[in-house]
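# Geometric and topological summary
One letter stands for each residue in the lines below.
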Amino acid sequence: MKIHEYQAKAILRNYGVRTPNGDVAATPAKAEAVAKKMVAKGATFPLVVKSQVLVGGRGKAGGIKLAHTIEEVRPLAKQILKMNIKGEIVKQVLIEQGVDIQREIYLGIIVDRARKMPVFMASAAGGVDIEEVAASTPEKILFVPVEPLLGLTDYQVREMAYFVDIPKEGMKDFAGIVKGLYKAFMEKDCSLAEINPLVITGAKEVIAADAKMNFDDNALGRHPDIAEMRDEAEEAPLEREARRLKLNYVKLDGKIGCIVNGAGLAMGTMDIVKHFGGEPANFLDIGGGAKAEQVTDALRLIVSDPKVNTIFFNIFGGIVRCDLVAEGILIALKNLPDWNTPIVIRLSGTNEEKARDMLKGSSLISAATMSEGAKKAVEISNRAA
Ligand code: GDP
Ligand code: MN
């Protein structure tokens, strides 16, 4: 799960990371009011007006502007609040004290699956897309793996500080920020926490001018405060609907909708569809129960993806009985009267014969094995395309 910059900054402030003062606004009038209040409290121009969207590259897209007078705040906010940045409509702007940028540093931490531990990345080439730096000049990034049992050590912090050439006046602040970022990352179960740019100001202060935090969805159960920050409007619509239906669904780009019981079998199903030259439209695990209601929900969800032209049911009856799944499918098809997407089905395991009998006479195309089912689904999908 992703959160907005202003939310990430609020979290990081609690961990001692210095950020510019500011507040969010959803209308141009509110933006002006926020700016006036800030100025009354001692903020100076320029102020920055920043679009709050969950995609990166807002600066390049024109979603970040400087206001040099109070009169400029309202029209800038009005302009930014209308913007569509990479498909996301701006609903809020963050008004912040502008910072006197002398240098822009990149500082981030991610979970590195290959190393099986968190890894810091630091670069003096901050402010720009770090993926670009990694691709064209990887030597400009220092990677520092942190052994979680030892924690972040002072020498690692110093190694990063030297690599990005922190001025000695800023050393203490920088160390505090790196440690705060690490602590926040660990305690909040992040998959990524990033400050880009971390700014060195003319007065040699070190300030987080941007912040990004992504969280491990599977850990949100222990962070209700963070789960609450979810911005529903910015999820893929089908995934949002799936979460509401409690279906374990990931949207992909292919044409073959897969409905499977069990996550391992669902992974295997996507592999075998690909093996026979097809492209799965999704990962979907309908779970062990697979009652009529779940099957109906799953079918509805999958056909609401306009790309899907074939459905492949792959059910293994271990705990679940195949006849119950067949019943679910028949009820689901009755619930969806103008159905015309072909369905290939492989049912094996407990009560499979009974299930096959029940499906005789329906329009379902049955397959005896997983390979046969995948092959048929791919053929039908390719013919329809
Ligand atoms: P992103 O493009 O979505 O990553 O948004 P950032 O918050 O990183 O801002 C992009 C760029 O805008 C930064 O790298 C800076 O160059 C510039 N910027 C952001 N805040 C300020 C500010 O307070 N003052 C000035 N002069 N530039 C800023
Ligand atoms: Mn940034």
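Every residue gets a number counted from 1 within its own chain, in the order that chain's sequence is written. Think of it this way: whatever chain is written first is A, whatever ligand is written first is 1, and the rest follow in order. pLDDT decides what is reported in this predicted model: residues at 70 or higher carry local features, side-chain atom pairs at 80 or more are listed and counted, and totals for whole chains, interfaces and linings draw on all residues regardless. The side-chain numbers reported here are obtained from all heavy atoms of the structure, hydrogens and water having been left aside.

### A short note on the layout of surface pockets
In this analysis, the protein atoms alone were mapped onto a 1 Å grid. Cavities are point sets where a 1.4 Å probe fits without being able to get out; pockets are open sets with protein on both sides within 12 Å along at least five of seven lines; lining residues have an atom within 4 Å of a point. Grid points are joined across faces, edges and corners, and a volume is the space filled by probe spheres set on the points. Here the largest pocket defines a volume of roughly 1100 Å³. Along its surface, the largest pocket is lined by 44 residues, and Arg58, Gly127, Asn196, Pro197 and Asp210 are the ones closest to its centre. For the lining of the largest pocket, the leading source of residues is strand S10 (residues 190–201), giving five residues. When residues are sorted by character, Ala, Val, Leu, Ile, Met, Phe, Trp, Tyr, Cys and Pro go into the nonpolar class, Asp, Glu, Lys and Arg into the charged class, and all the rest, Gly among them, into the polar class. Classifying every residue of the lining of the largest pocket by side-chain character gives 22 nonpolar, nine polar and 13 charged. By convention here, the domain bounds are inherited from an automatic or database domain assignment. For the lining of the largest pocket, the two domains that each supply at least three residues are domain 1 (21–97) and domain 2 (101–227). Quantified by volume, the second largest pocket comes out at close to 740 Å³. Every residue lining the second largest pocket is counted, 21 residues in all, and those nearest its centre are Asp217, Arg230, Glu235, Glu239 and Arg243. Sorting the residues of the lining of the second largest pocket by element identifies helix H8 (237–244) and strand S13 (248–251) as the ones contributing at least two each. A per-class count over the lining of the second largest pocket returns nine nonpolar, two polar and 10 charged. Three or more residues apiece are contributed to the lining of the second largest pocket by two domains, here domain 1 (21–97) and domain 3 (237–384). Every helix listed is a DSSP run of H or I at least four residues long, and every strand listed is a run of E at least two residues long, numbered separately from the N terminus.

### Quick notes on the coordination of the manganese ion (ligand 2)
By definition of the ideal shapes, four donors in a tetrahedron about a metal sit 109.5 degrees apart, and six donors in an octahedron sit 90 or 180 degrees apart. Bound to the manganese ion (ligand 2) on the protein side are Asn196 (O) and Asp210 (OD), at distances that span 2.2 Å. Of this pair, Asn196 sits in strand S10 while Asp210 sits in the loop between strand S11 (206–208) and strand S12 (212–215), and the two are 14 residues apart along the sequence. Across the pair, exposure class does not vary: Asn196 and Asp210 are buried alike. A donor here means an N, O or S atom no more than 2.8 Å from the metal, or no more than 3.2 Å when the metal is Na, K or Ca. Since water is not included, a site may seem to lack partners. For every residue, the accessible area (1.4 Å probe, protein chains only) is compared with the maximum for its type, and the residue is labelled buried under 20%, exposed over 50%, or partly exposed between those bounds.

### So, helix H2 (residues 28–40)
By this rule, a helix spans an expected 1.5 Å times one less than how many residues it contains. The terminal C-alpha atoms of H2, which comprises 13 residues, lie 18 Å apart, in line with the 18 Å expected from a rise of 1.5 Å per residue. When we look at burial in H2, the residues that qualify are Ala31, Glu32, Val34, Ala35 and Met38. Along H2, the residues classed as buried sweep out an arc of 160° about the axis, all on the same side. The exposed residues of H2 that point more than 90 degrees off its buried face are Lys37 and Ala40. Its buried side turned inward, H2 meets strand S1 (22–25), strand S2 (47–51), helix H3 (70–81) and strand S6 (93–97). Gly42, located one to two residues past H2, shows a positive phi value of around 110°. An arc is given here, and it is the one of the directions from the helix axis to the C-beta atoms. Pairs of residues are marked as contacts when any of their non-hydrogen atoms sit within 4.5 Å.

### Considerations on the environment of Ala122
If you trace the backbone, Ala122 turns up in strand S8 (residues 117–123). It is 6.9 Å that separates the C-alpha atoms of Ala122 and Val164, two residues lying 42 residues apart in sequence. What Ala122 contacts, discounting residues up to four positions off in sequence, is Tyr106, Leu107, Lys140, Ile141, Leu142, Met160, Phe163 and Val164.

### A closer look at the sheet that holds strand S3 (residues 64–67)
For two strands to be treated as a pair, DSSP must find no fewer than two bridges joining them. Pairing is antiparallel in the open sheet, where four strands are placed in the order S1-S6-S2-S3. Of all strands in the sheet, those with a lone pairing partner are S1 and S3, marking the two edges. Neighbour-to-neighbour, the strand axes of the sheet open up by a mean angle of 25°, direction not taken into account. In this sheet, S3 lies alongside S2 in antiparallel orientation, the contact comprising four bridges. Each residue of the ladder has a partner; that of Leu47, found in S3, is Ala67. Axis angles are defined between N-to-C directions and span 0 to 180 degrees, where every axis is a line fitted to C-alpha atoms and, for a helix, only to the segment in contact.

### What about the site of ligand 1?
Close to ligand 1 lie 16 residues; Lys50, Arg58, Gly59, Val99 and Glu104 are nearest. Polar contacts, as counted here, are pairs of nitrogen or oxygen atoms within 3.5 Å of one another; within protein the pair requires one atom able to donate a hydrogen and one able to accept it, and residues that are adjacent in sequence qualify only if both atoms are side-chain atoms. Between ligand 1 and Gly59 there is a distance of 2.9 Å, counted from an oxygen atom to a backbone nitrogen or oxygen. Backbone polar atom of Val99 to an oxygen atom of ligand 1: 2.9 Å apart, as the coordinates give it. If over half the atoms of a molecule are within 2 Å of the grid points of a cavity or pocket, the molecule is regarded as sitting in it. More than half of the atoms belonging to ligand 1 lie within 2 Å of the grid points that define the largest pocket. Listed by contribution, the elements that provide at least two residues to the shell around ligand 1 are S2, S3, strand S7 (101–112) and S10. Taken together, the residues of the shell around ligand 1 break down into seven nonpolar, five polar and four charged. One heavy atom within 4 Å of a molecule or strand makes the whole residue count as near it.

### Focus on the side chain of Glu194
By the element assignment, Glu194 lies in strand S10. Although buried, Glu194 forms no salt bridge, and the nearest oppositely charged side chain, Lys212, lies 4.4 Å from it. A distance of 2.7 Å separates polar atoms of two side chains, one belonging to Glu194 and the other to Tyr106. Residues contacting Glu194, with those up to four places away along its chain left out, are Tyr106, Leu107, Gly108, Ile130, Asp210, Ala211 and Lys212. Positive charges come from Lys and Arg alone, negative charges from Asp and Glu alone, with His and the N- and C-terminal ends not counted. Throughout this description, the term salt bridge denotes a Lys or Arg side-chain nitrogen within 4 Å of a carboxyl oxygen of Asp or Glu.

### Here we look at the domain arrangement of the chain
The assigned domain composition of the chain is domain 1 (21–97), domain 2 (101–227) and domain 3 (237–384). When each unit is reduced to the centre of its C-alpha atoms, the spacing between domain 1 and domain 3 is 47 Å.

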